[in-house]
Amino acid sequence: MTKLECGQNLGVTQPPPPPDDAWPTSDDPTVIARRETVVGPPPPVGPPPDRRIGAGLLLGLGAVALVAIAILLAYFLTHRHKDRAATTTVTTAAITTTELTTRVAVPHFVGLKEADALVRIGGAGLKPKEVFRTQAATPGIVLSQAPREASRVAKGSVVTLVIAKAPATTTAPTTTTTGATTTTPTTAPTTTSAPPQPTNATVPDVSGQKEAAAVQTMAQAGVLASLVFVPGSDVLGTVEEQAKAGGTTVPYHSHVQINLSKGPNATTDEPVPDVIGQTIPQALTAINGAHLRLIYLKLPVSSKSQAGKIVQQSPLGGGQAPQNAQVLVYLGAYRVK
């Protein structure tokens, strides 16, 4: 073993070798390799990163904002509709259907003829009650009514009509003298009775008149009309012909046929319902249900059971009439003889 080896083993430190005086040139491959190895971080690839807020982030924020607005708007609309619905329900509940369908306004009757008033009262769905008052100046005219005009009453209510009539006849007091004896004058009580019924009637000329006017004219003359609908070019319900000419004498309250036009646009006929024995409101419902209309006149009857009931009609039940035609009925009116 050499001294050097022994010294190393004994922990003796060897001095470093002397430096090499030769300075490497730039062309030395060792230097070139070392220079490339010590170079700093590699140059960045592509453009530098953009630190501004991106367009996608803006779109996302905008979408979130729109969703929030939509939720607020839906909440507002939903609650607004609920409030409106609640208000509408309360308002509707305040109106009763019964009042709208069963109450009617009382028409004006004062000054009308008795027959016209009865037709109007039936058309309004009301029932007549006649009270007669002596009035020489205007017999057969309605003097007053109760309830008054425009009052709202239940459908089917009774309306009282005061109809003027001619003064009743009275029996004058008589004095009887026998010889020298004088009896005390006695005054017969005043009695009210219907005027005696005539035996004959004169048929009026109703050619060219409308149905309602024609049947009223005949009734006032003491003649009852029988209606027959025939083809014609005149307006529906116009009198085309009458069975007996105007001026003909017939028994009082006898029937005389009048032919009425079906109208230029008549298509099919409707079956006429039988309303004998019914009240005016009942008959009106049945006839309107058959696509027909109703007119009625009063006819004196001797039985209280017939008062306020239909005792005659024309055309008869089971007959035919064009759509919207008027069916004539006679309403029983009881009068004390």
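Residues numbered from 1 in each chain as written. Predicted model: local features only at pLDDT ≥ 70, side-chain atom pairs only at ≥ 80, totals over all residues. Heavy atoms only, no water.

## Details of the overall build of the protein chain
- In terms of regular secondary structure, the protein chain is built from seven helices and 17 strands.
- Out of the 337 residues in the protein chain, the part that is buried amounts to 25%.
- Look at the contacts in the protein chain between residues 6 or more apart in sequence, and 71% of them connect residues 24 or more apart. (Helix = DSSP H or I, 4+ residues; strand = E, 2+ residues; numbered from the N terminus. Buried < 20%, exposed > 50% of the residue type's maximum accessible area, 1.4 Å probe, protein only. Contact = heavy atoms within 4.5 Å.)

## Considering the side chain of Q313
- Locating Q313 in the fold gives a position in strand 15 (residues 310-314).
- On the accessibility criterion, Q313 (6% relative accessible area) is buried.
- Within the structure, the side chain of Q313 is placed 3.1 Å from the backbone oxygen of P273, a separation counted as a polar contact.
- Within polar-contact distance, the side chain of Q313 engages the backbone oxygen of P315 at 3.1 Å.
- Once residues lying within four places of it in the same chain are set aside, the contact partners of Q313 are V272, P273, D274, V275, I276, V327, L328 and V329. (Polar contact = N/O pair within 3.5 Å; in protein donor to acceptor, adjacent residues only side chain to side chain.)

## Notes on the confidence of the model for the protein chain
- Looking at the protein chain, the pLDDT average stands at 74 and 66% of residues meet or exceed 70.
- Taken together, the stretch residues 169-192 has pLDDT below 50 and engages in 14 contacts with residues farther than four places along the chain or on a different chain. (pLDDT = per-residue confidence, 0-100.)

## Looking at the nonpolar core
- Judged by nonpolar contacts, the single largest core of 51 residues is most densely connected at F109 and I258.
- When neighbours within four sequence positions are excluded, F109 is seen to be in contact with A117, R120, I121, V142, Q145, V159 and L161. (Core = buried A, V, L, I, M, F, W, Y, C linked by side-chain atoms within 4.5 Å.)

## Focus on the sheet that holds strand 12 (residues 255-261)
- Sheet architecture is open: three strands sit in the order 9-12-10, paired in mixed fashion. Here the strands that pair on one side only, and so sit at the sheet edges, are strand 9 (224-230) and strand 10 (239-242). Sheet twist, expressed as the average angle between the axes of neighbouring strands with direction ignored, equals 30 degrees.
- Strand direction decides the pairing type here: strand 9 and strand 12, joined by seven bridges, are parallel. Paired with A225 across the bridge in strand 12 is V256. (Pairing = 2+ DSSP bridges. Axes fitted to C-alpha atoms, helices over the stretch in contact; angles between N-to-C directions.)

## A word on helix 6 (residues 211-220)
- Within helix 6, burial applies to E211, A214, V215, Q216 and M218.
- Structurally, helix 6 contributes buried residues whose contacts are with helix 5 (114-123), strand 9, strand 10, strand 12, strand 14 (293-301) and strand 17 (326-334).
- Among the residues trailing helix 6, G222 stands out with phi positive, at a value near 90 degrees.

## Looking at the pattern of salt bridges
- Throughout the structure, instances matching the rule amount to one salt bridge.
- A salt bridge links K262 to D269; its shortest N-O distance comes to 3.1 Å. (Salt bridge = Lys/Arg side-chain N within 4 Å of Asp/Glu carboxyl O.)

## As for the environment of P147
- Turning to its location among the elements, P147 is positioned in the loop between strand 3 (142-146) and strand 4 (152-154).
- Along the chain, P147 and V159 lie twelve residues apart, while their C-alpha atoms are 6.3 Å from each other.
- When residues no more than four places from it in sequence are discounted, the contact partners of P147 are V106, V153, V158 and V159.

## Notes on helix 7 (residues 280-289)
- What helix 7 keeps buried is the set I280, A283, L284 and I287. What you see down the axis of helix 7 is that its buried residues fit within an arc of 105 degrees, all on one side. Of the exposed residues in helix 7, those oriented more than 90 degrees away from the buried face are T285 and G289.
- Considering only its buried residues, helix 7 is in contact with helix 5, strand 14, strand 15 and strand 17.
- Taken from the residues just after helix 7, H291 is the one with a positive phi, measuring 65 degrees. (Arc of directions from axis to C-beta.)

## Regarding the sheet that holds strand 2 (residues 127-134)
- Taken in spatial order, the three strands of this open sheet run 2-5-3, and their pairing is mixed. Of all strands in the sheet, those with a lone pairing partner are strand 2 and strand 3, marking the two edges. For this sheet the average axis-to-axis angle between neighbouring strands, irrespective of direction, equals 25 degrees.
- Relative to strand 5 (residues 158-165), strand 3 runs antiparallel, the two being bridged by four bridges. Residue S144 lies in a different strand from strand 5, and its bridge partner there is V162.

## Some points on the side chain of T279
- As for its placement among the helices and strands, T279 is situated in the loop between strand 13 (269-271) and helix 7.
- Here T279 falls in the buried class, since its relative accessible area comes to 15%.
- In this structure, T279 is in contact with G308, K309 and I310, ignoring residues within four places of it in sequence.

## Digging into unusual backbone geometry
- Residue P147 follows A146 across a cis peptide bond; omega there is 0 degrees.
- Each neighbour pair has its own omega, and for S314 with P315 the value is -5 degrees, a cis peptide bond.
- Tracing the backbone through its elements, the reader meets P315 in the loop between strand 15 and strand 16 (320-322).
- Although it is not a glycine, A150 adopts a positive phi angle of roughly 75 degrees.

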